[in-house]
Amino acid sequence: EEDKKFLADLATNCETKKKEWEVRSATRSEELLALSETIKLLNDDDALELFKRTLPSPSLLQLQVSAKEVRQRALQVLRSSRRGRAAHDPRFGAVLLAIAGKKA
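Residues numbered from 1 in each chain as written. Predicted model: local features only at pLDDT ≥ 70, side-chain atom pairs only at ≥ 80, totals over all residues. Heavy atoms only, no water.

Peer 1: Which residues make up the overall build of the protein, and what values go with them?
Peer 2: For the protein, the count of helices and strands is four helices and zero strands. Along the protein, from the amino end to the carboxyl end, the secondary structure elements read α-α-α-α. Here the protein holds 104 residues, and the buried ones make up 6% of them. Approximately 10,000 Å² of the protein is accessible, and the part contributed by carbon and sulfur atoms is 58%. (Helix = DSSP H or I, 4+ residues; strand = E, 2+ residues; numbered from the N terminus. Buried < 20%, exposed > 50% of the residue type's maximum accessible area, 1.4 Å probe, protein only. Areas by Shrake-Rupley, 256 points an atom, 1.4 Å probe, with all protein chains shown as cover.)

The following block contains the structure:
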């Protein structure tokens, strides 16, 4: 009796998984097609000309920040938010000590 019930459940579950897989496969195929079309569009010469007109000069600037500056900024933010529940959380204190370069 239990074996028959198990077999019926197994058949139902397999059918459900099969349908879910078909939906996922179809969705994935559609996504891959959309990505392919997007890449083709972006690689087109017309798109390049449009980008050149829109951004005539390098308008994106990359800034370099040293690890020390990042650490100091993180410490500043952590210390300023050390009120309320965070002040009593030992994990918060451990993170603060770790960033400050001190041992817990």
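Peer 1: So what's going on with the confidence of the model for the protein? Which residues, and what values?
Peer 2: Residues with a pLDDT of 70 or more make up 83% of the protein, whose mean pLDDT is 82. Mean pLDDT per element in the protein: helix 4 (residues 90-100) is the minimum at 77, and helix 1 (residues 2-42) is the maximum at 93. (pLDDT = per-residue confidence, 0-100.)

Peer 1: Summarise the packing of helix 3 (residues 67-80) against helix 4; cite the residues concerned and give the values.
Peer 2: Taken N-terminus to C-terminus, the directions of helix 3 and helix 4 make an angle of 155°; their axes are 9 Å apart at the nearest point. Taken together, the axes of helix 3 and helix 4 are roughly antiparallel relative to one another. Note on packing geometry: the crossing formed by helix 3 with helix 4 is left-handed. Each of R71, A74, L75, L78 and R79 in helix 3 lies in contact with helix 4, whose residues at this interface are F92, V95, L96, I99 and A100. Its residues assigned to classes, the contact of helix 3 with helix 4 comprises eight nonpolar, no polar and two charged. (Axes fitted to C-alpha atoms, helices over the stretch in contact; angles between N-to-C directions. Parallel < 35°, antiparallel > 145°, perpendicular 65-115°, else oblique. Left-handed = near helix turned anticlockwise from the far one by under 90°. Contact = heavy atoms within 4.5 Å. Nonpolar A, V, L, I, M, F, W, Y, C, P; charged D, E, K, R; others polar.)

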